[in-house]
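Each chain, written out:
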Amino acid sequence: ANCTFLVTPADNDNPNITCPGDQTVAVDAACGFDVIDYTGLPTATDNCSGTPTVTQDVNVGTTITGTTTITLTATDDDTNTASCTFDLIPEDSTDPIVTCPGAQTPTLGAQCELVIPDYTGLGSVADNCDSGLSISQSPVAGSIIGGATTVTLASIDGAGNIGTCVFLVTPSDNTAPFISCPADIVESFDAGCEFDLLSYVSLATVSDNCTPPPYTVTQSPIAGTTVSGNTTIVLSV
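These numbers were taken from a predicted model, which means no experiment stands behind them.

Caption draft 1: Here's a closer look at the sheet that holds strand S14 (residues 149–156). What the three strands build is an open sheet, ordered S12-S14-S15; its pairing is antiparallel. In this open sheet, the two strands that pair with only one neighbour each are strand S12 (136–138) and strand S15 (162–169). Looking at each pair of strands side by side, their axes are set apart by 25° on average, direction ignored. In terms of strand pairing, S12 meets S14 through three bridges, oriented antiparallel. Note on S14: the bridge partner recorded for Ser 136 is Ala 154.

Following this line, the structure appears as structure tokens:
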């Protein structure tokens, strides 16, 4: 006598899946990152189905702005599943954009020096992730210069990225020199009741905030001019 029964093997073993390590990704100009397809990165195997199907839980194209955990799931032909996770870590590697003013031509002071003012208010800064960034200046406000100097404006964002720009500060000497004339002078007429003016330029006292002597002093009327009455002499430097 015989009897029969059916033996049906069943795959109850989950596949194996190993995720990649955490991924650092660069954010875009809007400080976001669009998730890409990571299903090709894990190692996935199965005892029966060969290579299982891998899916990810965060859709491709999803924009993230902070650390996000991605779950990858391997599914074999018998719907057994296994999952693993890794983190996407958005990183800001974009420098701030600092805009400088144009060239500056301030006036030198009495000592032929310029105390650099604070130019940070003339600059502007834009960043993909941070707003309200501060601006620093080099040389700092209050520094003393005597000639053309390159000034740098800089800004650092929250990720440590640095943006800079430069402009030229060229001090100009707009201060007239100082000249002091001698006191009024009494001269003697000649036999013809006239007087030929002398050169009085050496009697002037002259100084300047920037230019050292010698100075060029001129006289009007010029030496040798014949006068017969009170005459005003103008000395110019």
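Read on for the rest.
Caption draft 2: Structural detail: the sheet that holds strand S7 (residues 68–75). One open sheet holds the four strands; their spatial order is S2-S8-S7-S5, and the pairing between them is mixed. Each edge of the open sheet carries a strand with a single partner, namely strand S2 (23–26) and strand S5 (53–56). The average undirected angle you get between the axes of adjacent strands in this sheet is 30°. Of the strand pairs in this sheet, S2 and strand S8 (residues 81–91) are connected by four bridges, and their pairing is parallel. Each bridged residue has a counterpart across the sheet, and for Gln 23 the counterpart in S8 is Leu 88.

Caption draft 3: Local environment of the packing of aromatic side chains. In this structure the tally under the stated criterion is two aromatic pairs. Centre to centre, the rings of Tyr 38 and Phe 86 are 5.4 Å apart; their planes meet at 75°, and the pair counts as edge-to-face. Here Tyr 38 is found in the loop between strand S3 (33–34) and strand S4 (43–45), whereas its partner Phe 86 is found in strand S8, with 48 residues between them in sequence. Comparing Tyr 38 with Phe 86, the two get one shared label, buried. Ring centres 5.3 Å apart and planes at 85° place the aromatic pair Tyr 119 and Phe 167 in the edge-to-face group. Placement of Tyr 119 in the loop between strand S10 (114–115) and strand S11 (124–126) and of Phe 167 in strand S15 is noted, with a sequence separation of 48 residues between them. Phe 167 shares its class with Tyr 119; the two are buried.

Caption draft 4: Focus on unusual backbone geometry. Of the consecutive residues Ser 138 and Pro 139, the connecting peptide bond is found in the cis state with omega at -5°. Within the element layout of this structure, Pro 139 appears in the loop between S12 and strand S13 (144–145). Look at Cys 31: it is not a glycine, yet its phi comes out positive at around 65°. Mapping Cys 31 onto the fold places it in the loop between S2 and S3. The buried category is assigned to Cys 31, whose relative accessible area is 17%.

Rules used throughout
- Residues numbered from 1 in each chain as written.
- Predicted model: local features only at pLDDT ≥ 70, side-chain atom pairs only at ≥ 80, totals over all residues.
- Heavy atoms only, no water.
- Pairing = 2+ DSSP bridges.
- Helix = DSSP H or I, 4+ residues; strand = E, 2+ residues; numbered from the N terminus.
- Axes fitted to C-alpha atoms, helices over the stretch in contact; angles between N-to-C directions.
- Phe/Tyr/Trp six-rings, centres within 6.5 Å; stacked < 30°, edge-to-face > 60°.
- Buried < 20%, exposed > 50% of the residue type's maximum accessible area, 1.4 Å probe, protein only.

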